[in-house]
Amino acid sequence: MRSMLSDEEKQYLIWLTAERYEGWGAVIDLGPWFGSSSAALAEGLRRTGKTGKVQSFDLFEWEWEPSYMEAVAHEQLKGGADFLPTFMQEIGDYAPWIEAHKQDLLSYTWEGGPIEILFVDAAKSWELTNAIFKGFGKHLVPGRSRVVLQDFRYHETHWLPLIFDSRPDLWKEIESVAFGTTVTFMPLKALDGPAGIHYDYSEAAFRLEAAELLLRSRIAREAPQNRSLFLRALYRKAVIEGSPDTAHAGTLQALREELRVAGITKEELESLESWTILVPLGWEAYTRHDYEGAKRFAERCLSGSQRPVYAVALLGMALLRLGELPGAKSCIEAVASRMPDYLPSKLYRAELALAERRYADARADVLEALKAFHDDEPHIEYGLGLLEQTLHGADRGHQALTMLTSLRACLGGSPAFLTSLARAQHESGKRSLALQSVAEALEKAPGHQGAMQLREEWANG
Ligand SMILES: C[S@@+](CC[C@H](N)C(=O)[O-])C[C@H]1O[C@@H](n2cnc3c(N)ncnc32)[C@H](O)[C@@H]1O
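All values reported here derive from a predicted model rather than from experimental measurement.

Student: Looking at this model, I keep getting lost on the packing of helix 8 (residues 224-241) against helix 11 (residues 275-287). Mind explaining?
Tutor: To describe two helices that pack against each other, one gives the angle between their axes and the distance between the axes. At their nearest, the axes of helix 8 and helix 11 sit 10 Å apart, and the two run at 20° to each other. With respect to helix 11, the axis of helix 8 lies roughly parallel. Note that helix 8 runs across helix 11; the crossing there is right-handed. Residue-level contacts link R236, V239 and I240 of helix 8 to T276, I277, L278 and L281 of helix 11. Among the residues forming the contact of helix 8 with helix 11, the class breakdown is five nonpolar, one polar and one charged.

Right under this line is the structure:
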């Protein structure tokens with residue numbers, strides 16, 4: 001089967017269900033992609049004739065460019081395409097042992113009882129890792145469950161060794177592969193009990209000094225072939241912390257030298273500073289209104305041989321905010337032509353049109369994007385804010401109401417949308433409809449800030 005796992009990792013998963021699985025809890029695969037991890041877990045069940053099924057959770061959405069999925073599988077699927085049918089095809093005869101769930105793990109809670117084996121290959125961000133703890137953690141049984149972390153030794157998920165190694169009172173390492181990145185832990189106490197776990201781990205929770213202590217102690221315990229993997233993780237952490245002060249520059253330089261001695265080539269070193277860390281750092285700067293900083297991060301990504309589209313998008317938006325319209329235009333148009341179906345690119349194009357006072361063009365792009373955002377609240381909110389800026393003239397209230405009403409069929413489930421609709425209804429004198437929309441927004445998201453604020457304003461007359 002097409003797979004992102006090493007042979008030893010697959011053998012380990014087969015061994016786990018064949019030799020260690022007792023049957024008192026669920027076997028769960030988070031992030032099976034084309035299913036090789038699920039099939040390996042199923043193979044262990046099949047060989048030993050055990051009952052039980054592997055519960056496989058994935059978004060089953062093809063990664064947008066540059067797609068690590070495309071690099072492995074050459075399926076030529078479009079960004080966002082559903083690959084559940086390919087998963088079903090690939091697992092073939094293992095289907096009776098596997099139950100597939102198309103789910104976004106950012107917002108999912110497991111209600112299926114105790115978990116015996118939790119294989120995790122989807123903890124691809126701090127946010128996702130927290131969400132997995134939140135959604136599955138309380139079903140882990142102290143001293144009995146296994147949490148198998150496929151990415152533990154992978155440098156792009158440097159948070160995993162930080163989170164797990166910082167709590168030796170809570171996590172005990174019990175197995176690992178010799179060649180590959182998988183390491184398995186057992187919880188020693190209840191995750192949601194006293195002295196349990198945090199659900200809000202973040203980069204800021206581990207300063208560089210603390211991270212270095214944890215990672216160096218891990219390096220000392222690992223077999224020689226795995227040590228440089230954690231050195232790579234430490235280097236990434238140092239790049240992320242990257243304040244330009246000289247002490248920090250010295251740390252980075254020393255780490256580069258250490259990596260060189262460990263046999264890491266210059267190209268590999270460059271790839272460690274990849275867009276996957278620089279682009280988010282750039283957007284953070286952008287959110288702080290540090291547009292020069294955002295531009296620098298984007299340019300750093302674009303200085304190599306690759307031109308990752310997300311860095312081009314960041315550069316375009318930073319230039320737009322800095323008033324450098326021609327540069328912004330060429331970046332934003334490049335993003336739209338490289339990823340015509342990528343919805344945020346329509347919003348960037350709308351921003352450009354707004355800056356050029358092409359209000360009708362901006363409106364068309366925002367409306368198209370909004371109709372397709374299903375439950376992506378941050379983008380819906382962003383789009384609604386832009387939509388408002390496209391309206392001009394004395395009857396803008398009426399225009400807003402007409403437009404929002406036309407969007408209701410697509411966005412009626414979004415609290416942000418219902419709040420905007422309520423405001424437009426209220427401004428057009430349709431008070432009881434407005435109250436109804438606010439109530440609906442609060443029903444979907446109790447405590448929604450915008451909706452609460454409107455209700456309060458209206459109650460005060
Ligand atoms: C590295 S791949 C897994 C490889 C796989 N375990 C194998 O055996 O080849 C990571 C998987 O995580 C999934 N994923 C990423 N973010 C997710 C999310 N928010 N919810 C569910 N799945 C997600 C991706 O769709 C992808 O299939």
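Student: Would you mind going over empty space enclosed by the protein with me for this structure?
Tutor: Space left empty within the atom packing is revealed by a probe, the size of a water molecule, rolled over the atoms. On inspection of all chains with the given rule, the structure shows one cavity of 30 Å³ or more. Approximately 100 Å³ is the volume found for the largest cavity. Forming the walls of the largest cavity are 14 residues, and the residues nearest its centre are V120, I132, F133, V147 and F164. Those elements that place two or more of their residues in the lining of the largest cavity are strand 4 (115-120), helix 5 (126-136), strand 5 (146-149) and helix 6 (159-165). Ranked by residue count, the leading element in the lining of the largest cavity is helix 5, at four residues.

Student: Which parts of the structure should I look at to understand the site of the ligand?
Tutor: The environment of the ligand is made up of 20 residues, and the closest members are G31, S36, D58, D104 and D121. Backbone polar atom of G31 to a nitrogen atom of the ligand: 2.9 Å apart, as the coordinates give it. In the environment of the ligand, a nitrogen atom lies 3.1 Å from a nitrogen or oxygen atom belonging to the backbone of L59. Against a free-state accessible area of 600 Å², the protein chains account for coverage of 93% of the ligand. Broken down by secondary-structure element, the contributors of at least two residues to the shell around the ligand are helix 2 (36-48) and helix 3 (68-73). Each residue belonging to the shell around the ligand can be placed in one class, and the counts come to eleven nonpolar, five polar and four charged.

Student: What exactly am I supposed to notice about the pattern of salt bridges here?
Tutor: Should the charged atoms of two oppositely charged side chains come close, the side chains can pair. In total, this model carries 35 salt bridges according to the counting rule given. The salt bridge partner of K124 is D121, with a shortest N-O separation of 3.0 Å. K124 is the salt-bridge partner of D151, the closest N and O atoms lying 2.6 Å from each other. Residue D151 is located in the loop between strand 5 and helix 6, and its partner K124 is located in the loop between strand 4 and helix 5; the two are separated by 27 residues in the primary sequence. Under the relative-accessibility criterion, K124 is labelled partly exposed at 38%. Where salt bridges share partners, they join R153, D165, E173, R218, R221 and E222 into one cluster.

Quick notes on the rules
Residues numbered from 1 in each chain as written. Predicted model: local features only at pLDDT ≥ 70, side-chain atom pairs only at ≥ 80, totals over all residues. Heavy atoms only, no water. Axes fitted to C-alpha atoms, helices over the stretch in contact; angles between N-to-C directions. Helix = DSSP H or I, 4+ residues; strand = E, 2+ residues; numbered from the N terminus. Parallel < 35°, antiparallel > 145°, perpendicular 65-115°, else oblique. Left-handed = near helix turned anticlockwise from the far one by under 90°. Contact = heavy atoms within 4.5 Å. Nonpolar A, V, L, I, M, F, W, Y, C, P; charged D, E, K, R; others polar. 1 Å grid on protein atoms, 1.4 Å probe; cavity = no way out; pocket = protein on both sides within 12 Å on 5 of 7 lines; lining within 4 Å. Points joined across faces, edges and corners; volume = space filled by probe spheres on them. Near = heavy atom within 4 Å. Polar contact = N/O pair within 3.5 Å; in protein donor to acceptor, adjacent residues only side chain to side chain. Areas by Shrake-Rupley, 256 points an atom, 1.4 Å probe, with all protein chains shown as cover. Salt bridge = Lys/Arg side-chain N within 4 Å of Asp/Glu carboxyl O. Buried < 20%, exposed > 50% of the residue type's maximum accessible area, 1.4 Å probe, protein only.

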